[in-house]
Amino acid sequence: FIYGDKRRFKQILMNLIKNALKFTTKGKIEIKAVYNDQLISSPELKVEITDTGSGFAAEDIDKLFTRFGKLQRTASINSEGLGLGLTIVKQIVDSAGGNVTAYSPGIGQGCTFQFSLPMDLVDRE
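Below is a summary of the structure that appears in this document. Keep in mind the model is a prediction, meaning the values are calculated, not measured. (Residues numbered from 1 in each chain as written. Predicted model: local features only at pLDDT ≥ 70, side-chain atom pairs only at ≥ 80, totals over all residues. Heavy atoms only, no water.)

As for the sheet that holds strand 5 (residues 111-118)
(1) Moving on: Strand order in the open sheet made by the four strands is 2-3-5-4, with antiparallel pairing throughout. Of all the strands in the sheet, just strand 2 (29-36) and strand 4 (99-103) have a single pairing partner and so form its edges. When the angles between neighbouring strand axes are averaged without regard to direction, this sheet yields 10°.
(2) Moving on: Relative to strand 5, strand 3 (residues 44-51) runs antiparallel, the two sharing eight bridges. Of the residues in strand 5, the one forming a bridge with valine 47 is phenylalanine 115.
(3) Moving on: On the sheet, helix 1 (residues 6-23) packs against strand 2, strand 3 and strand 5 and is oriented at approximately 180° with respect to strand 5. (Pairing = 2+ DSSP bridges. Helix = DSSP H or I, 4+ residues; strand = E, 2+ residues; numbered from the N terminus. Axes fitted to C-alpha atoms, helices over the stretch in contact; angles between N-to-C directions. Contact = heavy atoms within 4.5 Å.)

As for the pairing of strand 3
(1) Moving on: Here strand 2 pairs with strand 3 via eight bridges, running antiparallel. Pairing of valine 34 across the sheet is with lysine 46, part of strand 3.

A few points about the side chain of threonine 112
(1) Moving on: Along the chain, threonine 112 falls in strand 5.
(2) Moving on: Only 3.1 Å separates the side chain of threonine 112 from the side chain of threonine 50, close enough to count as a polar contact.
(3) Moving on: Beyond its immediate sequence surroundings of up to four residues, threonine 112 is in contact with Glu48, Ile49, Thr50, Thr101, Ala102 and Tyr103. (Polar contact = N/O pair within 3.5 Å; in protein donor to acceptor, adjacent residues only side chain to side chain.)

Some points on the nonpolar core
(1) Moving on: One finds Ile12, Leu16, Phe113 and Phe115 to be the most contacted residues of the largest nonpolar core, which totals 22 residues.
(2) Moving on: Counting residues per element, the ones that place at least two in this core are helix 1, strand 3, helix 3 (85-95), strand 4 and strand 5.
(3) Moving on: Counting residues per element, this core draws most heavily on helix 1, at five residues.
(4) Moving on: Not counting residues within four places of it along the chain, the set of residues in contact with isoleucine 12 comprises Val89, Ile92, Val93, Phe115 and Leu117. (Core = buried A, V, L, I, M, F, W, Y, C linked by side-chain atoms within 4.5 Å. Buried < 20%, exposed > 50% of the residue type's maximum accessible area, 1.4 Å probe, protein only.)

Next up, the structure:
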């Protein structure tokens, strides 16, 4: 078993999954999780959400995690949201001592969001 803030972890995961669902009209969404206890500093849980959705241009990466950071090109797809989901993800991950990144090979080519959080193993004997 691993130990961490279940509520915050769920909020991060749900925001990233909702984002992938919103921008992926066909194709697939993959979610991978790996626990790494071999790190010198502290063990971590790394989660990756990859989709085949609309993707983004490299120059837009800085806008993704900003408040109200909707990309102009996808504003019509994301008409109901305020543009706070990824900002919330970044704030939670940063405050927990983790890291969040995003990558896209380009517009129309999908994207990958990856986050890692420090997590400890719990012996449940």
